[in-house]
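Structural characterization, general
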Amino acid sequence: MRIERQMRAAETVAATIRQILADQARLDPAALGDNARLADLGLDSLALVETLFAIEESFDISVPFNANDPAQSADDLATVGALIATVQRLIAAR
Amino acid sequence: MRRVVITGAGTVNPLGHDLDSSLQAMAAGHSAIGPLDLPEIDRLSVKIGAQVQGWHPETHFNTARLALLDRNAQFALVAARQAVAMAGLAADPARSAVIMGTAGGGLTTQDAAFHAVYAEGKSRVHPFTVPRLMNSAAASQISIEFGLTGPVFSVSSACASSNHAIGLAFQMLRAGMIDAALAGGSEAMLSFGGLKAWEGLRVLSPDACRPFSAGRNGMVQGEGAAVFVLETAEAATARGANILAEVIGFSMTSDASDMVIPNPDGAARAMAGALADAGVGPDAVAHINAHGTGTAANDRAEAAAMAQVFGPRAGKIPLTASKSLHGHLMGAAGAVELLACLLPLREGILPPTAGYLGPDPACPVDLVVTSARPIALTRERGVILSNSFAFGGLNAVLALRRA
């Protein structure tokens, strides 16, 4: 039961993140595959700043990211799947 | 057209509470960036800044006066007093202007008032909240202190505010609209609310301001003011005033493209415009005080703009980014950076840029680092440019030389 609940929670987190990304990129959430790169979705560093704000507000977490050098972010935010994994890890560590 | 000169300068900034101590700190490459001393600092993700330390307003103003002064106006008034003490004010007060740049105005007052009514549940704020927080408060306060009854207003163009203010004073003097001006800028944005707003953009550095350097990771906030006395060369010479610099050109442009990402073309047109306004070519430029914020977006765009204006010589023009020393003073940035431009004019040296870790291939510039560098300003190559490029794509560049 506990594992089932955790899986459901993880699916909800992923769905919320996909919806936030879809709103930013003006795309259908279903079109956002795990391997899609955020840059390819048209999300530049400024759009990413707004996306992370929405994610932080949704999950009450803090995602370290400096817009000056996105490549040197301590966490992997490059793809949809990596962003979801990062957020899930930060939620678990909350 | 009339020639315009600077005969007085005053300042309160993180490096010093007057001109001489500030120039000494700049020449020594001393950086005032350090841990911020603010309430609730634990709730800020960025904990460094360049604060004006040891500031005791009650030593400068009586209680009644202080009730009407935000920190922003305190800095501005003390800087203006120093500038006037240096230069004197000889022109007709009705033909004397006060033009001050600021981005945030009385933000500390606004922050405290909001905190009182929203966070503390109070039902009233200090009765002078409005006259303290107005963007134009510093300009008005200076006009009242010195009885100047000509054009008095504030200019707000974010981080280019001071250069716009000084540039407008220059143009009005040159055109004969006024005979003297107090112009500059002031800012006091280091409040909890002000820093929270900046934190959200994720462009602040957690450790240092490293303009044009490899490994740079953002800007660092500062606060303070600088004010200058500007007048015509004819009037200054006639009364035997000491001339610190001649303002020879000014240009303002707009990128009209993005609220936060600079477009090199707008910056290039502003630099080229200031040179054209001064009637000199790019080869006359001996030194540039960069906007140099230490953000990836600014530094790359500024280096690209220099390449556009100066061609292959862009990488050979000595460049200083003094925000690495005093932080980013926002609406006061151009004014405090104009102080840095007085060093080569007065003492023949260029102040160094702090925080440098090594070259960034994206910014092929000749950055003055480590220690002050001697410079010979000649007739053929003696022009200094001071760049200010603001969020929202607003660019303002001043050109100076020895009178």
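Because the structure is a prediction, the values reported are computed rather than measured.

Some thoughts on the overall build of chain A
Counting its secondary structure elements, chain A contains 3 helices and 0 strands. The order of helices and strands in chain A, counted from the N terminus, is α-α-α. Its C-alpha radius of gyration of 13 Å places chain A within 12% of the 12 Å reference for a compact globule of 94 residues. Expressed as a percentage of the 94 residues in chain A, the buried residues total 23%. Across chain A, every contact between residues at least 6 apart in sequence was considered, and the portion connecting residues at least 24 apart equals 54%.

Remarks on the overall build of chain B
Each helix and strand counted, chain B has 13 helices and 15 strands in total. The C-alpha extent of chain B, read off along each of the three principal axes, is 65 × 50 × 40 Å. Within chain B, the proportion of its 403 residues that are buried is 58%. Within chain B, contacts between residues separated by at least 24 positions form 81% of all contacts whose residues are at least 6 apart in sequence.

A closer look at the interface of chain A and chain B
Across the boundary between the two partners, chain A contributes 8 residues, which contact 10 residues of chain B. Each residue belonging to the side of chain A that touches chain B can be placed in one class, and the counts come to 5 nonpolar, 2 polar and 1 charged.

Some thoughts on the domain arrangement of chain B
All names here are of chain B. In terms of domain boundaries, chain B breaks down into domain 1 (4-238) and domain 2 (248-401). A separation of 21 Å is found between the C-alpha centroids of domain 1 and domain 2. On the domain 2 side, the residues contacting the 61 residues of domain 1 number 57 residues. When contributions to the side of domain 1 that touches domain 2 are tallied by element, the ones reaching two or more residues are β1 (4-12), α1 (19-27), α7 (161-175), β6 (180-187) and β7 (224-232).

So, the pairing of strand β8 (residues 245-254) of chain B
Residues and elements named next belong to chain B. Within β8, 8 of the 10 residues are buried, which leaves it mostly tucked inside the rest of the structure. Where β1 lies against β8, 3 bridges are found, and the strand directions are antiparallel. From the neighbouring strand, I6 faces β8, where its bridge partner is A245. Relative to strand β15 (residues 394-401), β8 runs antiparallel, the two being bridged by 8 bridges. Directly across from F250, in β15, lies its bridge partner L398.

Thoughts on helix α2 (residues 45-59) of chain A
All names here are of chain A. In a regular helix each residue adds 1.5 Å, so 15 residues correspond to 21 Å; α2 covers 21 Å between its end C-alpha atoms and thus fits that length. Where α2 is buried, its residues contact α1 (2-25) and α3 (80-92). Two residues or fewer after α2 comes D60, characterised by a positive phi angle close to 55 degrees.

Observations concerning the pairing of β6(B)
For a regular strand, side chains alternate in direction, first toward one face of the sheet and then toward the other. Residues and elements named next belong to chain B. β6 sits mainly inside the fold: 8 of its 8 residues count as buried. Here β6 shows two buried faces, one formed by A180, L182, G184 and S186 and the other by A181, A183, G185 and E187. As paired elements, strand β4 (residues 96-101) and β6 share 6 bridges and run parallel to each other. Residue pairing across strands places S96 opposite A180, the latter belonging to β6. Of the pairings in the sheet, the one linking β6 to β7 comprises 8 bridges and is antiparallel in character. The residue of β7 that forms the bridge with A181 is L230.

Notes on the packing of helix α3 (residues 71-87) of chain B against helix α6 (residues 137-146) of chain B
Residues and elements named next belong to chain B. In contact at an axis separation of 9 Å, α3 and α6 are set at 40 degrees when each is read in the N-to-C sense. Here α6 runs oblique to α3, going by the angle between their axes. Where α3 crosses over α6, the two elements pack in a sense that is right-handed. Where α3 approaches α6, its residues N72, A73, A76, L77, A80 and V84 are matched on the opposing element by A137, A138, Q141, I142, E145 and F146. Tallied by class, the residues present in the contact of α3 with α6 amount to 9 nonpolar, 2 polar and 1 charged.

Focus: the confidence of the model for chain B
Per-residue confidence for chain B gives a mean pLDDT of 97; residues scoring 70 or more make up 100%. Quick note on the complex model: pTM equals 0.95, ipTM equals 0.83.

Some thoughts on the environment of R18(A)
Residues and elements named next belong to chain A. Tracing the chain through its elements places R18 in helix α1. Spatially, the C-alpha atom of R18 lies 5.5 Å from that of P29, the residues being 11 residues apart in sequence. Apart from the residues within four sequence positions on either side, R18 is in contact with P29 and L32.

Conventions we followed
- Per chain, residue numbering runs from 1 following the sequence as it is written.
- Chain A is the first chain written and ligand 1 is the first ligand written, with later ones labelled in order.
- The predicted origin of the model limits local features to residues at a pLDDT of at least 70 and limits the giving and counting of side-chain atom pairs to 80 or more, whereas totals for whole chains, interfaces and linings rest on all residues.
- Strands are runs of DSSP state E lasting at least 2 residues, helices are runs of H or I lasting at least 4, and numbering of each runs from the N terminus.
- Only C-alpha atoms enter the radius of gyration; for comparison, a globular chain is expected to reach 2.2 Å times N to the power 0.38, where N is the number of residues.
- Residues are called buried when their C-beta atom has 20 or more other C-beta atoms within 10 Å, exposed when it has 12 or fewer, and partly exposed otherwise; all C-beta atoms are positioned from the backbone.
- A pair of residues counts as a contact when their C-beta atoms, built from backbone coordinates, are within 7 Å of each other.
- Note that Gly is not counted as nonpolar here; it falls among the polar residues with everything else outside the nonpolar set of Ala, Val, Leu, Ile, Met, Phe, Trp, Tyr, Cys and Pro and the charged set of Asp, Glu, Lys and Arg.
- Domain extents, as shown, originate in an automatic or database domain assignment.
- Criterion used throughout: strands pair if DSSP finds at least two bridges between them.
- Take the number of residues in a helix, subtract one, and multiply by 1.5 Å to get its expected span.
- Each axis is a line fitted through C-alpha atoms, and for a helix only the stretch in contact is used; angles between axes span 0 to 180 degrees, taken between their N-to-C directions.
- Reported orientations rely on four angle classes, namely roughly parallel under 35 degrees, roughly antiparallel over 145, roughly perpendicular from 65 to 115, and oblique for the rest.
- For any helix crossing, the convention is left-handed if the near helix is rotated counterclockwise from the far helix by under a right angle, and right-handed if that rotation is clockwise.
- A residue's pLDDT is the predictor's confidence in that residue, given on a scale from 0 to 100.

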